[in-house]
Amino acid sequence: MAYDATGRLHEIFDEQQVSEKFRKREFVLEVVDGQYPEHIKFQLVQDKTALIDPFKVGDEVKIAFNLRGRGFNKNGQMLYFTNLEAWRIESAAGGASAPQGGGSYQQAAPRAAAPAQNQNPNLRASSAPIASDDDNDLPF
């Protein structure tokens with residue numbers, strides 16, 4: 001399921017070459033949710049790592065991202081992790097944007113049969129397709 005979030009860029013990290021075939025770049029988005037802001041870390045992977053280049057800390061942006069989760073067995077114990085994998089970044093002001101692949105992003109209405117409703121207006125679900133595990137270069 002795809003989501004989007006709007007907020008201010010709080011921190012941008014350097015690109016990391018995790019393995020021979022996998023690279024990532026992380027950034028932190030400050031999202032106001034109630035009285036205190038939330039600092040949410042996203043990642044860009046592979047050819048998407050340059051999407052953040054046109055932006056700087058302090059810019060208001062809108063992020064489109066997928067919620068990704070994996071499990072793996074380490075020494076007989078099952079461990080899990082979750083990533084917020086960004087795939088589009090655009091200016092929240094509606095001006096300049098930095099999408100790869102072109103086209104405009106439209107937010108679809110949440111599915112009616114969703115098990116829980118998100119109360120944060122800055123995080124919304126969409127019905128955009130999620131890439132299958134067959135077309136990524138993740139090392140696990």
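Residues numbered from 1 in each chain as written. Predicted model: local features only at pLDDT ≥ 70, side-chain atom pairs only at ≥ 80, totals over all residues. Heavy atoms only, no water.

Per an unreviewed UniProt entry, the protein chain carries the name DUF3127 domain-containing protein and comes from Hymenobacter canadensis.

## Observations concerning the pattern of salt bridges
Quick note on the threshold: A side-chain nitrogen of Lys or Arg and a carboxyl oxygen of Asp or Glu constitute a salt bridge if their distance falls within 4 Å. Secondary structure elements follow DSSP: runs of H or I no shorter than four residues count as helices, runs of E no shorter than two count as strands, and numbering proceeds from the N terminus. Exposure classes here rest on a 1.4 Å probe applied to the protein chains alone. A residue is buried below 20% of its type maximum, exposed above 50%, and partly exposed in between.
According to the stated counting rule, one finds 7 salt bridges in the structure shown. Between Asp53 and Arg25 there is a salt bridge, with the nearest N and O atoms lying 2.5 Å from each other. With Asp53 in the loop between strand 4 (36–45) and strand 5 (60–74) and Arg25 in strand 3 (residues 22–33), this pair connects stretches of sequence that are 28 residues apart. Assessed through its relative accessible area of 49%, Asp53 is described here as partly exposed. Given the relative accessible area of 14%, Arg25 is considered buried. Put simply, Asp59 and Lys56 hold a salt bridge, and the shortest N to O gap is 3.1 Å. Here the residues in one salt-bridge network are Lys24, Glu26 and Lys41, joined through shared partners.

## Overview of the nonpolar core
We apply this condition: Remark: nonpolar core denotes a set of buried residues (Ala, Val, Leu, Ile, Met, Phe, Trp, Tyr, Cys) joined through side-chain atoms within 4.5 Å. Two residues qualify as a contact provided that any one of their heavy atoms is within 4.5 Å of a heavy atom in the partner residue.
Counting 18 residues, the largest nonpolar core has Phe27, Leu29, Phe42, Ile63, Phe65 and Ile89 as its most contacted members. Taken together, the elements giving at least two residues each to this core come down to strand 1 (2–12), strand 3, strand 4, strand 5 and strand 6 (77–91). Those residues in contact with Ile63 that sit more than four places away from it in its chain are Tyr3, Asp4, Ala5, Phe27, Leu29, Phe42, Ala86, Arg88 and Ile89.

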